[in-house]
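# Tertiary structure, described
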Amino acid sequence: THFGFKQVPKQEKVALVRGVFDSVASQYDVMNDLMSMGIHRIWKRVAVQLANVREGDSVLDLAGGTGDLTKLYEKRVGKSGQVVLADINAAMLRTGRDRLIDHGLSGNIRYAQVNAECLPFADNTFDCVTIGFGLRNVTDKDAALRSMYRVLKPGGRVIVLEFSHPIDPITEKVYDFYSFNLLPKIGAIVAKDEDSYRYLAESIRMHPKQDELKQMMENAGLERCEYFNMTQGIVAVHRGYKF
Ligand code: SAM
């Protein structure tokens, strides 16, 4: 493909991830609200707050999907700023663009179909690179983090919003029951797609723990890396800077 994927297993995973999001693109927003009981809206607000962007800043919203984070960032950077909504999946990007236009936004928003692992932007381009519920799906996370670091301006920050790991055993038990028993059933009924939602639960369990992701960010060159747990660690925001 023109994204330059190299190995066969990797291609298979990329194809799988693409397929998952092709099949869920239209029900994506409804499912987000349903699965998280609306809480994903709060997680996203907190992430954008932690990004601390200013009027006039340029933001790259990677794996931006239907544009929830783009919308929040757009408010903060204002008309003099710019947000690039970027996603590997054309169906998600199209849904996102239609939605943003329906909300009356578009003037300072750009769209790009990109793979997070090899970003087609110049070095030192963005004040903030953000990836919300997307890093988990990326095959080579280290390559993605290095690529994010490269396109970041000195002084800029990376914000990773992602499912993480519960910090106490009770939350973990309840959450396991929810994601392996209830979630696939909700997926089957609402999105008529049990497999995609089973994949979702599995991909969350395989994602690196809070401290491991922090270490990966440091390995990519980011500095002053830290994370903020939300909802008992079910979700975490990781932040790191380029200096
Ligand atoms: N950020 C949005 C949100 O929080 O609602 C969308 C998150 S959605 C769960 C994950 C997105 O990651 C999908 O739209 C998918 O197409 C995209 N994605 C998966 N792998 C990617 C990659 N390697 N590069 C860029 N986007 C990718």
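Just above, that's the structure.
These notes cover the structure that comes with them. Every chain is numbered independently, its residues counted from 1 as its sequence is written. Given that the model is predicted, a residue must reach a pLDDT of at least 70 before its local features are reported, and side-chain atom pairs must reach 80 or more before they are shown or counted; all residues, however, enter totals for whole chains, interfaces and linings. Side-chain metrics in this entry use all non-hydrogen atoms of the structure; hydrogen atoms and water are not considered.

Bringing the site of the ligand into the picture now. Only heavy atoms are used to decide nearness, and a residue is near a molecule or strand if one of them lies within 4 Å of it. The environment of the ligand is made up of 19 residues, and the closest members are Ala 63, Asp 87, Asn 115, Ala 116 and Gly 132. Between Asn 115 and the ligand, the recorded distance is 2.8 Å, taken from a side-chain N or O atom to a nitrogen atom. Here the ligand loses 97% of its free accessible area of 600 Å² to cover by the protein chains. Listed by contribution, the elements that provide at least two residues to the shell around the ligand are α1 (8-24) and α2 (28-36). For this classification, Asp, Glu, Lys and Arg are treated as charged, while Ala, Val, Leu, Ile, Met, Phe, Trp, Tyr, Cys and Pro are nonpolar and the rest, including Gly, are polar. Tallied by class, the residues present in the shell around the ligand amount to ten nonpolar, seven polar and two charged. Any pair of nitrogen or oxygen atoms within 3.5 Å is treated as a polar contact; in protein, a donor-acceptor pairing is required on top of that, and neighbouring residues in sequence qualify only through side-chain atoms on both sides. Using the Shrake-Rupley algorithm and a 1.4 Å probe, accessible areas are obtained, with residue cover drawn only from the displayed protein chains. A run of H or I in DSSP counts as a helix once it spans at least four residues, and a run of E counts as a strand once it spans at least two, with each numbered from the N terminus.

Another point: helix α4 (residues 68-77). Among the ten residues of α4, seven are classified as buried, and the element is accordingly described as predominantly covered. Within α4 the residues assigned to the buried category are Asp 68, Leu 69, Thr 70, Leu 72, Tyr 73, Glu 74 and Val 77. Each residue is placed in one exposure class: buried if its accessible area under a 1.4 Å probe, protein chains only, is under 20% of its type's maximum, exposed if it is over 50%, and partly exposed if it falls in between.

Our next topic: the packing of aromatic side chains. Only centres within 6.5 Å qualify two rings of Phe, Tyr or Trp (six-membered ring in Trp) as a pair; their planes then separate them into stacked at under 30 degrees, edge-to-face at over 60, and tilted for everything else. In total, this model carries five aromatic pairs according to the counting rule given. On the basis of an interplanar angle of 90 degrees and a centroid distance of 5.3 Å, the ring pair of Phe 121 and Phe 126 is categorised as edge-to-face. Here Phe 121 falls in the buried class, since its relative accessible area comes to 19%. Geometrically, the ring pair formed by Tyr 241 and Phe 243 is stacked, given 5.6 Å between the ring centres and 15 degrees between the ring planes. Taking relative accessible area as the criterion, Phe 243 reaches 47% and is therefore assigned partly exposed. Look at NZ for Lys and CZ for Arg. If either is within 6 Å of the ring centre and within 35 degrees of the ring normal, a charge sits over the ring. The aromatic ring of Tyr 241 is capped on one face by Arg 224, whose charged end is 4.9 Å from the ring centroid.

All quantities given are derived from atomic positions and should not be read as evidence of function.
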